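Structure assessment
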Amino acid sequence: PETMLCIDVVRHAQRKPSQATYTAIQALRLVAPPSEHEMLDESAEIFAEVFATPPWATTPRPEPVAAYVATDPWGSAVGLLIEYAGDDPHGLLTHVTYPGGTIVQTIGLVGPGAAQGWNDRLDEDEIPMPIVERPVEEVIGRLAAALRYSASVWPKLDDDGYVDLRALAAARCTAMQSNEDPDD
């Protein structure tokens, strides 16, 4: 399906070249499987001669530098926090629940160092969810799996903030997973 999507976007862009179709190719390149990068790069190179490259397309991706998991005592709710370095350090925080199926309930951006004050922010009457540092690859894998499962749930979670940040989270997961060496 991903290959067909890439081919269809490139075909459409060739039939109706515009700034919007060039931007779509650039955006698709961020989340496409590595097997489609060459085709998208070649198309983008042609369009770059005529249309302006979106500034975000040439900005380096933020690197994940730390990851944390916070779990309630029953294992039914989990907070996944991935911290990113770069020009604008930040964290991507998701709340995932498991009873009745895996659902990403919320996704948010947090400031750097959110994990350090995590336990201090809990009120005495709240359910404790101690946070523990875990390998970045593990937490990104858990987030990717939760996003895949959540996408199959009906009705779809569709508020604007969730949809936008879900796309960002999915792109970050794809970027990390496509950077992994398949021979490792």
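Everything that follows concerns the structure shown earlier in this document.
What you see is a predicted model; the values in this text were computed from it and never measured.

1. Observations regarding the overall build of the protein
In terms of helices and strands, the protein carries five helices and five strands. When its helices and strands are written in sequence order, the protein yields α-α-α-β-β-β-β-β-α-α. Residues classed as buried in the protein amount to 34% of the 184 residues present. Excluding contacts between residues fewer than 6 apart, the proportion of contacts in the protein whose partners are at least 24 apart in sequence is 55%.

2. Things to note about the sheet that holds strand E4 (residues 103-110)
What the five strands build is an open sheet, ordered E4-E3-E2-E1-E5; its pairing is antiparallel. Strands with a single pairing partner mark the edges of an open sheet, and in this sheet they are E4 and strand E5 (131-134). Each neighbouring strand pair of the sheet contributes to a mean axis angle of 20 degrees, computed without reference to strand direction.

3. Description of the nonpolar core
The biggest cluster of nonpolar side chains holds 21 residues, and the ones touching the most others in it are Leu80, Ile82, Val104, Ile107, Leu143 and Leu147. Going through the elements one at a time, strand E1 (64-71), strand E2 (77-84), strand E3 (90-97), E4, helix H4 (136-151) and helix H5 (160-179) are the ones with two or more residues in this core. Top contributing element to this core by residue count: H4, with seven residues. Those residues within four positions of Ile107 in sequence are excluded, and the remaining contacts are Leu92, Leu93, Thr94, Leu147, Tyr162, Leu165 and Arg166.

4. Regarding the packing of aromatic side chains
Ring pairs (aromatic) are described by centroid distance and by the angle formed between their planes. Counting across every chain of the model gives two aromatic pairs. With 6.2 Å between their ring centres and 20 degrees between their planes, Tyr22 and Phe47 make a pair best called stacked. Of the two residues, Tyr22 is situated in helix H2 (residues 19-31) and Phe47 in helix H3 (residues 37-48); the sequence distance between them amounts to 25 residues. Among the residues examined, Tyr22 registers a relative accessible area of 1% and is labelled buried. Given a relative accessible area of 9%, Phe47 falls into the buried group. One aromatic cluster is present, formed by Tyr22, Phe47 and Phe51 through successive ring pairs. Sitting over the face of the ring of Tyr84, Arg172 holds its NZ or CZ atom 4.3 Å from the ring centroid.

How each quantity is defined
Residues numbered from 1 in each chain as written. Predicted model: local features only at pLDDT ≥ 70, side-chain atom pairs only at ≥ 80, totals over all residues. Heavy atoms only, no water. Helix = DSSP H or I, 4+ residues; strand = E, 2+ residues; numbered from the N terminus. Buried < 20%, exposed > 50% of the residue type's maximum accessible area, 1.4 Å probe, protein only. Contact = heavy atoms within 4.5 Å. Pairing = 2+ DSSP bridges. Axes fitted to C-alpha atoms, helices over the stretch in contact; angles between N-to-C directions. Core = buried A, V, L, I, M, F, W, Y, C linked by side-chain atoms within 4.5 Å. Phe/Tyr/Trp six-rings, centres within 6.5 Å; stacked < 30°, edge-to-face > 60°. Lys NZ or Arg CZ within 6 Å of the ring centre and 35° of its normal.

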